[in-house]
Each structure stands twice: as C-alpha cells, then as structure tokens.
Amino acid sequence: MKLNTGLLALAVLATTALSPLGASAQEVKKLGLSVSNLQADYFNQIKIGVEGYAKEKGIEVITVDAKNDSATQVSQVQDLLTQDIDAFIYIPAGAAAAAVPTRLAKEAGIPVVNVDRNAEGAPGDTFIATDNATSAYEVCKHIIGLAGGKGQMLIVHGQKGTTPEVERTKGCMKAIEENPGVEVVAEQWSDQWSQAEGLNITQNLLQANPDVSIIFAQADALALGAAQAIKVSGVTQRVYLGGFDGDTTALPILAEGGFDATATQQVRGIGRLAVDSAIKLAAGETLPAEQLLPGYLTTPENAAQYVAEHP
C-alpha cells in the first residue's frame, strides 16, 4: 500500500512537471490583435495600450487593421491564426460577420478577448469595454441639465447594431425618459463614426428641425462634425452638444468650450487589461464574461486633466 502511494505521488509529480498548471507572461510569446479601424483615434489608442504593455512583458503583438470592412477582417484573422499566436484580442469591424473570427479562433483552440464590441452569438472568452450605458447616461443627463431639462433633441448614432451604439443609446434614453420636457425630434445612424458624417448628418437634421437645442453625438468625431454643423446652420439658439470617447484630438477642443461634454474612456487601460486577460486565458483561467471600466464625464471645466494625462 505504501509502495502504491509512493508511485502515485511520483506519477503526479511527473505529470505536473510535464504539464504546467498554466502559462505566464514569460510563456505567452505572441498575441494577435485585430482592430476594426486604426484611422479612428479611439482604436489607435487601444492599439498603443496593447502594444506598449505587451512590450514591457516581452510579448510580441501582430496587429492587423480591417479598415472597417468585415470581409477584410475575416481574411486577416484567418491568416493571423496561422502565426502561432497564444491568444487573440479582437475588435470587430462591425455587426456583420462579427462572430466569424471568434469562431475561427475557438476552433483553433486559441482564447479570445473581445474589446469594445462583442460578437453576437459567438462571444469571446471575456469582453472588455467601457460601461457605455452608464457613461452615455451621464453625458446626456449633463447636456439636458444645461438645457434646463427641456427642449428638442437630436441623436447622431454610431454604427447601427454595434455594442457601443446599442449601449450608448440605452444610456441616453434613460436620461431622456427622466426628463419629459425633452423631445427627440430626429435621429440618424452613421456608418463609420466619422467627423464628416457628423457634419453631414447634423446639417441635414438641423435644416429639418431648426429649433433643436440638445444634440447627443455618440462619438467625439461625430460631435466635432456636429459642432461644425451648428456653426454653419444659422441657428440662433444655444445648442448643447455632447460626445463620447475622450479622443485625444477632441479633448483640447472640449477644454476650450468647443462642445459641452464627453465621456473619456480608459483606452490605454482597456489595452493593458486586454493583455492581462489574454495571458490569464492562455493559462487556462476563467474570467468574467464582461469586464466593464468606468468612463469619466468630461466637460470644459475638467478636460485639461485628461489632455495632460489620458487614462
């Protein structure tokens, strides 16, 4: 009996030595990062966060940019999965075909960290994002408050059906529902969350609704376009404008009063958390389905601190 116990103990030790209980940062050598669109400051800042933090840990990152095209992203990810990556960090290019890269990675046995946008029907092993609903609620509550709790309102949405668009709509609508004096008179969706779209959409909506006094644009690029549209529209009333993201290009303009509020996201923090999560998943750890970071309500009064040091 003692002999059997000893042999069993030796067998366990041998098995443990041959099969480590989990990977460490030193053992994770390579990560894949698929980004929806590096032309957007927000996604570029996440990339910087991922690559910088991974470099500190001695981990190589292979980054691909889908340029907002789902078909391109699927092709890029197929190639990425052949390059011996230990984990996959994934920002879908849109709602269409978003589940395909996640499924491909899981079929290859590669853990997936979804960032900013989840893949409906095929989520990653964990999802990291800003608490979009809460932050959008705070932005909309703030600009509605500046307008005295009443007035006609426009909403310039992001890309329809994506996680941030859905959650930011949900949060803003909560603030609107709390203020019965606010009427949403028009809303329109953008395709690429861009400044040019913000300008064109807002110009058209203001022409049809010249009495608007509140606008929520679901990204800072859209908000900067909306600010341009307000200037050239000829409206005489004060229009209170909120954005979202805390883009490095928009924050200095906000600090100077170019618009009224945004939600500054922890973009570098999201990148670092994505790397840490990838390492843990590669080690076989189970992570929460969602890891949501708070955004910071940012106005002309406190924007300078985020210009000086972006979270």
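Everything below is about the structure printed above this text.
Note that the structure is a prediction, hence the values are computed from the model and not measured. (Residues numbered from 1 in each chain as written. Predicted model: local features only at pLDDT ≥ 70, side-chain atom pairs only at ≥ 80, totals over all residues. Heavy atoms only, no water.)

Draft legend 1. Here's a closer look at the nonpolar core. One finds Leu 31, Ile 46, Val 50, Ile 89, Val 113, Val 115 and Val 275 to be the most contacted residues of the largest nonpolar core, which totals 28 residues. Mapped by element, the contributors of at least two residues to this core are strand E1 (30–35), helix H2 (41–56), strand E3 (87–90), strand E4 (112–115) and helix H10 (267–282). Looking at this core element by element, the count peaks at seven residues for H10. When residues no more than four places from it in sequence are discounted, the contact partners of Val 115 are Ile 46, Ile 89, Tyr 90, Ile 91, Pro 92, Phe 127, Ile 128, Ile 270 and Ala 274. Grouped together as the second largest cluster of nonpolar side chains are 25 residues, Leu 154, Ala 186, Ile 201 and Ile 230 included. (Core = buried A, V, L, I, M, F, W, Y, C linked by side-chain atoms within 4.5 Å. Buried < 20%, exposed > 50% of the residue type's maximum accessible area, 1.4 Å probe, protein only. Helix = DSSP H or I, 4+ residues; strand = E, 2+ residues; numbered from the N terminus. Contact = heavy atoms within 4.5 Å.)

Draft legend 2. Structural context of the state of the cysteines. Following the criterion strictly, the structure yields one disulfide and no others. What pairs with Cys 140 in a disulfide is Cys 172, and their sulfur atoms sit 2.1 Å apart. Measuring the twist about the S-S bond at about -100°, one finds the Cys 140-Cys 172 disulfide to be left-handed. Of this pair, Cys 140 sits in helix H5 (residues 132–146) while Cys 172 is found in helix H6 (residues 163–177), placing the two residues 32 residues apart along the sequence. Among the residues examined, Cys 140 registers a relative accessible area of 0% and is labelled buried. In this structure Cys 172 comes out as buried when scored by relative accessible area, which is 0%. (Disulfide = S-S within 2.5 Å.)

Draft legend 3. Highlighting the environment of Leu 81. For Leu 81, the location among the structural elements is in the loop between helix H3 (70–80) and E3. As for Leu 81 and Met 173, which are separated by 92 residues in sequence, their C-alpha atoms are 40 Å apart. With residues up to four places along the chain from it excluded, the contact list for Leu 81 reads Leu 104, Ala 105 and Ile 110.

Nothing here speaks to function; it is all geometry.
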